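Each chain, letter by letter, is given below.
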Amino acid sequence: MLTVLLGLSGAVVYGAADFLGGLASKRLRAVTVSAVAAAVGIVPLLVGLVVVGGVATWTGTLWGAVAGASGGIGVLLLYRALAIGPMSVLSPLTAVFAAVVPVLVAVVRGTALSGLAIAALVVAVVAVVLVAAVRDTSGARVTVSGLVTAAVAGCGFGGIVLAYDMTPSDSGVAPLVVARVLQAVLLGAAAVVSARLVRPGADPAVRSARAGRWPTRLLLTVVACGVLDAMANVFIQAGLHSSDDPVTLPVVSVLNALYPIGTVVLAGVVLRERLTPVQWTGIGLAFAASVGLALA
């Protein structure tokens, strides 16, 4: 039960961070928002390291670095995939791979799943697809390049969960600090390169960022995004180490992939965006899957 609660909490908090990042990306380049949010997220993790404590080990540091690299690459490839389009196909595909990859790894390791757990995991994956389904009016066609890029991006996000699962249980937030620093460096480098490739006068967001004119509300939105994203990682790692049951890994990975629920619900509340019947169905299935995993 605790594992399910932590997994769902991570998904909801990450969904909120994704929503705030999306708002900020309407004013700034998405890679810039991600880079700044990643850098901001280092601060609460350092505070957590001082308050809660943690043990820095070579193993924890190594897997923290793997998580940071995996997450950074996943974010960059996701941007690339969504630029290729169509979002209505590639966004759910990314979420599915993020959920399924850790499950497959757990099964290969020899994890035995009960019938109820298998059914709940399948329902949860279906829920991920339905909730992540978005309208796409760009007219973009599905291409092999887009599908592969989205799939690899999803594998990158799944790699974060796998890496955190490999960290020692007594390491605390120490590996998360390593992951966040490396991710901030990777995304920061990508943001710098991206800004240099765009003429200052061609993009208002780039022109504003270079001039240092960030409105207070925009800055607070990016800061909140970074803090919530860091908190989501704490929930994910806590969920992975909340039990010695080998089923913990697939449960947390699939529940974590339900983060679009938080995003679409906030979009409905704050932006008055209407959820489609398909998304409502996905939310209902996600709730049913969570109950099933709690009982499994």
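The structure presented is a predicted model; accordingly, all values stated were derived computationally and were not measured.

The rules behind these values
- Residues numbered from 1 in each chain as written.
- Predicted model: local features only at pLDDT ≥ 70, side-chain atom pairs only at ≥ 80, totals over all residues.
- Heavy atoms only, no water.
- Phe/Tyr/Trp six-rings, centres within 6.5 Å; stacked < 30°, edge-to-face > 60°.
- Helix = DSSP H or I, 4+ residues; strand = E, 2+ residues; numbered from the N terminus.
- Buried < 20%, exposed > 50% of the residue type's maximum accessible area, 1.4 Å probe, protein only.
- Salt bridge = Lys/Arg side-chain N within 4 Å of Asp/Glu carboxyl O.
- Patch = residues over 30% accessible without salt bridge, like charges linked within 9 Å, V, L, I, M, F, W, Y side chains within 5 Å.
- Areas by Shrake-Rupley, 256 points an atom, 1.4 Å probe, with all protein chains shown as cover.
- Core = buried A, V, L, I, M, F, W, Y, C linked by side-chain atoms within 4.5 Å.
- Contact = heavy atoms within 4.5 Å.
- Axes fitted to C-alpha atoms, helices over the stretch in contact; angles between N-to-C directions.
- Parallel < 35°, antiparallel > 145°, perpendicular 65-115°, else oblique.
- Left-handed = near helix turned anticlockwise from the far one by under 90°.

Novice: Looking at this model, I keep getting lost on the packing of aromatic side chains. Mind explaining?
Specialist: Aromatic ring pairs are described here by two measures, namely the spacing of the ring centres and the angle between the planes. Under the criterion given, the structure shown has one aromatic pair. The interplanar angle of 85° and the centroid separation of 4.9 Å between the aromatic rings of Tyr14 and Tyr259 together place this pair among those described as edge-to-face. Of the two residues, Tyr14 is situated in helix α1 (residues 2-24) and Tyr259 in the loop between α10 (248-256) and α11 (260-270); the sequence distance between them amounts to 245 residues. Judged by relative accessible area, which is 16%, Tyr259 ranks as buried.

Novice: Help me out: how do you make sense of α10 in this one?
Specialist: Counting along an α-helix, one turn takes 3.6 residues, and residues three or four places apart therefore face a common direction. Burial within α10 is extensive, with nine of its nine residues counted as buried. Turning to α10, its buried residues are Thr248, Leu249, Pro250, Val251, Val252, Ser253, Val254, Leu255 and Asn256.

Novice: Where do I start with the pattern of salt bridges in this structure?
Specialist: Pairs can form between side chains of opposite charge once their charged atoms are near each other. Following the criterion strictly, the structure yields two salt bridges and no others. Asp165 is the partner of Arg109 in a salt bridge, and the nearest nitrogen-oxygen pair spans 3.2 Å. Here Asp165 lies in helix α6 (residues 144-166) and Arg109 lies in the loop between α4 (87-108) and α5 (115-132), a separation of 56 residues in the sequence. Of the residues examined, Asp165 reaches a relative accessible area of 19% and is grouped as buried. Residue Arg180 pairs with Asp229 through a salt bridge whose shortest N-O separation is 2.7 Å. Of this pair, Arg180 sits in helix α7 (residues 174-197) while Asp229 sits in helix α9 (residues 216-240), and the two are 49 residues apart along the sequence. Here Arg180 falls in the buried class, since its relative accessible area comes to 3%.

Novice: Just to check I follow, could you spell out a nonpolar patch on the surface for this structure?
Specialist: Among the surface-exposed residues, Val43, Val47, Val50, Val51 and Val52 lie close enough to one another that they form a single nonpolar patch of about 530 Å² accessible area. With respect to the helices, strands and loops of the structure, Val51 is situated in helix α2 (residues 30-51).

Novice: Would you take a moment to explain the nonpolar core for this structure?
Specialist: It is characteristic of soluble globular proteins that their nonpolar side chains tend to be buried jointly. Of all hydrophobic cores here, the largest spans 30 residues; its most connected members are Phe157, Tyr164, Ile236, Leu240 and Leu249. Looking at this core, the elements that each hand over two or more residues are α2, α3 (58-84), α4, α6, α7, α9 and α10. What Tyr164 contacts, discounting residues up to four positions off in sequence, is Ala67, Leu176, Ala179, Asn233, Ile236, Gln237, Leu240 and His241. Of all hydrophobic cores here, the second largest spans 24 residues; its members include Ala99, Val103, Leu121 and Ala257.

Novice: When you look at the side chain of Thr263 in this model, what are you seeing that I'm missing?
Specialist: By the element assignment, Thr263 lies in helix α11. Classification of Thr263 as buried rests on a relative accessible area of 18%. Those residues in contact with Thr263, other than ones at most four positions away along the chain, are Gly15, Asp18 and Phe19.

Novice: Quick question: what am I supposed to make of the packing of α7 against α9 here?
Specialist: Helix packing geometry: the angle between the two helix axes and the distance between the axes. Between α7 and α9, whose axes approach to 11 Å, the crossing angle comes to 140°. The orientation of α7 relative to α9 falls into the category oblique. Crossing geometry of α7 relative to α9 is assigned as right-handed. Facing Pro175, Leu176 and Arg180 of α7, the residues of α9 in contact are Gly226, Asp229, Ala230, Asn233, Val234 and Gln237.

Note that every value here comes from positions in space, so none of it alone points to a role or purpose.
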